[in-house]
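Here is what each chain is made of, one letter per residue.
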Amino acid sequence: DIKTGTEYEVPYYGIAMSLKRICECIVRNERSILPVSAMMHGEYGIEDITLSMPAIVGIGGVETHVPIALSEEEAEKLVESAKKLKEVAKGLIE
């Protein structure tokens, strides 16, 4: 069943507005901080997996990740999540 009505259409608008905001940052070279998915290159000891983290977005896309203060437990959980995602991604390729 395809449902219609405002309550079903709202998520589409939310996604579109998020994409619009990201595009504005790139086109205008705003260098704004946005929560976007980007490849991790050693941040928090995580490599070679894409995670959604705060990043500065400008004309070149993601310029750099913005470090966030994590407790030791939070950092461990983040690394654990990244490892699980890598396992899933590897399984999709094989």
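Here the structure is a predicted model, which means the values were calculated and not measured. (Residues numbered from 1 in each chain as written. Predicted model: local features only at pLDDT ≥ 70, side-chain atom pairs only at ≥ 80, totals over all residues. Heavy atoms only, no water.)

(A) Spotlight on the pattern of salt bridges. Using the criterion set out here, one finds six salt bridges in the structure. Between Glu 24 and Arg 21 there is a salt bridge, with its nearest N and O atoms 3.6 Å apart. With a gap of three residues between them, Glu 24 and Arg 21 both fall in helix 1 (residues 6–27), about one helical turn apart. Classification of Arg 21 by relative accessible area gives partly exposed; the value is 30%. Between Glu 80 and Lys 84 there is a salt bridge, with the nearest N and O atoms lying 3.4 Å from each other. One end of the pair is Glu 80 and the other is Lys 84, both in helix 2 (residues 72–93) and four residues apart, which spans about a single turn. Taking relative accessible area as the criterion, Glu 80 reaches 39% and is therefore assigned partly exposed. On the basis of relative accessible area, Lys 84 is assigned to the partly exposed category, the value being 49%. One salt-bridge network, in which partners are shared between bridges, spans Lys 20, Arg 21, Glu 24, Arg 28 and Glu 30. (Salt bridge = Lys/Arg side-chain N within 4 Å of Asp/Glu carboxyl O. Helix = DSSP H or I, 4+ residues; strand = E, 2+ residues; numbered from the N terminus. Buried < 20%, exposed > 50% of the residue type's maximum accessible area, 1.4 Å probe, protein only.)

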